[in-house]
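Fold and geometry: a report
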Amino acid sequence: MLKKIIAVLLILCLSLPVCALAQQDPKPIATYAPQDIPKTPEGVHHYLLLCADTWKCDINNMDNYTDGIMLVTVDTVAHRIMLTSFIRDMLVLRPDGKYGRINAVASRFGLQGLVDTINSHFGLEIDKYILVDWTDVGEIIDALGGVDITITSGEATRLRDKLTYKSDWTEPVLSGAGTYHFRGYAAVIYMRIRSSGRVDGESYDYRRTTRARNVVSSLADSLRDITWPEATKLATVTIWKSIVDTNMTLADMMTAAGYAFDLRSAEIEQLRIPVGNTGHEFYYYDMATQEIDYEANREALQAFLLESYTVRGVDDADDWDW
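Quantities reported herein were computed from a predicted structural model and do not represent experimental measurements. (Residues numbered from 1 in each chain as written. Predicted model: local features only at pLDDT ≥ 70, side-chain atom pairs only at ≥ 80, totals over all residues. Heavy atoms only, no water.)

Comments concerning the nonpolar core
Within soluble globular proteins, side chains that are nonpolar generally end up buried alongside one another. Test applied: Residues belong to a common nonpolar core when they are buried Ala, Val, Leu, Ile, Met, Phe, Trp, Tyr or Cys residues joined through side-chain atoms within 4.5 Å. The classification of residues rests on relative accessible area computed with a 1.4 Å probe and restricted to protein chains. Under 20% of the type maximum is buried, over 50% is exposed, and intermediate values are partly exposed. In this text, helices come from DSSP runs of H or I with a minimum length of four residues, and strands from runs of E with a minimum of two, each type numbered from the N-terminal end. Whether two residues touch is decided by their heavy atoms; if any such pair falls within 4.5 Å, the residues are in contact.
Judged by nonpolar contacts, the single largest core of 40 residues is most densely connected at Val 137, Ile 149, Ile 151, Leu 159, Phe 182, Tyr 190 and Met 191. Per element, the largest residue contribution to this core is six residues, and it comes from helix α5 (residues 184-191). Not counting residues within four places of it along the chain, the set of residues in contact with Phe 182 comprises Ile 141, Gly 146, Val 147, Ile 149, Ile 151, Leu 159, Trp 169, Thr 170, Ala 187 and Tyr 190. By size, the runner-up hydrophobic cluster in this structure holds 37 residues, among which are Met 62, Leu 131, Leu 271 and Leu 301.

Given below as structure tokens:
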């Protein structure tokens with residue numbers, strides 16, 4: 001009898017590593033074939049802003065994650081500017097058909113591979129992209145004179161706790177919650193805050209996407225009184241010299257500057273993917289990811305970009321509030 005008990009225990013012990021190593025597959029992700037992606041309506045233009053998670057990115061040795069992924073959409077018909085951020089650890093189908101995190105796609109398949117991945121997952125026709133690194137972001141913000149950011153007391157504490165903190169990061173000097181004028185480097189540190197606590201109901205990476213949109217939105221607000229010569233210089237000199245890589249030409253930059261100039265009085269609208277509670281933590285081969293409901297997020301993104309009550313006379317669309 002004792003031998004039987006020992007045998008059973010041995011079998012159970014031997015089976016534990018097998019169970020621990022068992023991999024739960026994610027839900028299948030249905031993507032669009034290029035020919036099935038809906039055509040972009042006239043007047044809508046997409047620009048993908050990417051930021052490498054490094055202070056110095058070498059495009060010839062692209063081994064950095066693109067943790068910053070933000071879509072800027074301008075609609076010259078509906079007079080709208082929209083910012084959509086994508087959480088960095090979202091689980092996607094890579095160009096090779098395997099699962100992986102979205103922020104690692106560019107390092108393996110190039111920037112166009114990342115653009116194609118977003119297009120196929122969300123039914124978009126993005127064709128223009130810009131890649132910067134954290135140094136570039138700080139320099140652009142400084143060139144524009146800094147940025148006004150409203151922070152919580154927790155965010156102020158996190159900023160002051162940084163080893164590199166200096167009192168001239170902000171005006172006035174950080175003293176707690178409130179609105180401050182940030183220098184470029186400090187604004188980058190603010191966007192990169194990593195915290196396990198929740199801020200305004202958002203935790204960790206979700207809050208980081210909000211901070212990035214807040215900075216871009218505040219920059220846009222600071223340019224509402226810009227003149228056309230200033231807008232031209234900003235696009236073709238300040239931003240152009242700070243780009244790590246892009247598939248845009250100077251003519252493309254001028255065209256984009258024209259759109260932004262014409263829409264400089266428009267309210268900056270924001271969305272984060274995944275929306276609401278449509279994503280959850282999922283470990284894939286010991287890699288922390290976010291598995292999302294793509295059908296729900298495609299619908300939400302399309303509603304945000306194209307079906308708002310402000311767009312093309314439609315006044316009875318769903319009110320997406322995320």
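Structural notes on the sheet that holds strand β8 (residues 170-171)
Note the following rule: By the convention used here, strands pair only if DSSP detects at least 2 bridges between them.
What the three strands build is an open sheet, ordered β7-β9-β8; its pairing is antiparallel. Two strands bound the open sheet, and with one partner strand each, they are β7 (147-151) and β8. Judged from the five bridges that link them, β7 and strand β9 (residues 178-182) form a sheet pairing that is antiparallel. Each residue of the ladder has a partner; that of Ile 151, found in β9, is Gly 178.

Focus: a negative patch on the surface
Note the threshold: Residues qualify for a patch when their relative accessible area is over 30% and they have no salt bridge, like charges being joined within 9 Å and the nonpolar side chains of Val, Leu, Ile, Met, Phe, Trp and Tyr within 5 Å. For the area figures, the Shrake-Rupley method with a 1.4 Å probe applies, and any residue is considered shielded solely by the protein chains shown. Salt bridges are identified by distance alone: a Lys or Arg side-chain nitrogen within 4 Å of an Asp or Glu carboxyl oxygen. Only four residue types enter the tally: Lys and Arg on the positive side, Asp and Glu on the negative side, with His and both chain ends excluded. In plain terms, the charge of a residue is placed at NZ if it is Lys, CZ if Arg, CG if Asp and CD if Glu.
On the surface, Asp 293, Glu 295, Glu 299 and Glu 307 cluster together into a negatively charged patch. Considering the arrangement of structural elements, one finds Asp 293 in the loop between β15 (287-292) and α9 (294-306). Residue Asp 293 is classed as partly exposed on the basis of its relative accessible area, which comes to 38%.

A few points about helix α3 (residues 134-143)
Selection criterion: Under the rule applied, a polar contact is a pair of N or O atoms within 3.5 Å (in protein, one hydrogen donor and one hydrogen acceptor; residues adjacent in sequence only if both atoms are side-chain atoms).
Listed as buried for α3 are Trp 134, Asp 136, Val 137, Gly 138, Ile 140 and Ile 141. Two to three positions downstream of the cap, the backbone nitrogen of Thr 135 sits 3.2 Å from a side-chain oxygen, assigning the N-cap of α3 to Asp 133. Where α3 ends, the next residue or the one after it, Gly 145, has phi of about 90 degrees, a positive value.

Some words on empty space enclosed by the protein
Our working definition: Each cavity reported here is a set of points on a 1 Å grid over the protein atoms alone in which a 1.4 Å probe fits but cannot get out, each pocket an open set with protein on both sides within 12 Å along at least five of seven lines, and each lining residue one with an atom within 4 Å of a point. Grid points are joined across faces, edges and corners, and a volume is the space filled by probe spheres set on the points. Residues are sorted three ways: Asp, Glu, Lys and Arg are charged, Ala, Val, Leu, Ile, Met, Phe, Trp, Tyr, Cys and Pro are nonpolar, and all the rest, Gly among them, are polar.
In the structure shown here, the tally under the stated rule is one cavity of 30 Å³ or more. Within this model, the largest cavity holds a volume of roughly 1300 Å³. Elements with a contribution of two residues or more to the lining of the largest cavity: β1 (44-51), β2 (68-75), β3 (80-86), β6 (128-132), α3, α6 (204-222), α7 (228-239) and α8 (250-262). With eight residues, α6 is the largest single contributor of residues to the lining of the largest cavity. Residues belonging to the lining of the largest cavity are distributed by class as follows: 40 nonpolar, three polar and six charged.

Things to note about the side chain of Thr 54
Relative to the helices and strands, Thr 54 is located in the loop between β1 and β2. At 3.2 Å, the side chain of Thr 54 forms a polar contact with the backbone nitrogen of Lys 56. With near-sequence residues (within four places) excluded, Thr 54 lies in contact with Asn 64, Asp 133 and Trp 134.

Here's the deal with the pairing of β1
Buried residues dominate β1, accounting for six of its eight residues. Relative to β2, β1 is paired through eight bridges, and the arrangement is antiparallel. If you follow Leu 48 over to β2, its bridge partner there is Leu 71.

Some details on helix α2 (residues 105-122)
So the rule is basically this: Helix span, as expected, comes to 1.5 Å for every residue beyond the first. Values of bend correspond, residue by residue, to the angle between axes fitted over the seven residues ending at that residue and the seven starting there.
In this model α2 runs just 16 Å from its N-terminal to its C-terminal C-alpha over 18 residues, more than 12% under the 26 Å that 1.5 Å per residue would give. Leu 111 marks where α2 bends most, by close to 95 degrees. Listed as buried for α2 are Val 105, Ala 106, Leu 111, Gly 113, Leu 114, Val 115, Thr 117, Ile 118, Asn 119, Ser 120, His 121 and Phe 122. Where α2 ends, the next residue or the one after it, Gly 123, has phi of about 70 degrees, a positive value.

Observations regarding the state of the cysteines
We count it as follows: We call a pair of cysteine sulfur atoms a disulfide whenever their separation is within 2.5 Å.
In total, this model carries zero disulfides according to the counting rule given. Between Cys 51, a free cysteine, and Cys 57, which holds the nearest cysteine sulfur, the sulfur-to-sulfur gap is 8.8 Å. Overall, the relative accessible area of 7% leaves Cys 51 in the buried class.

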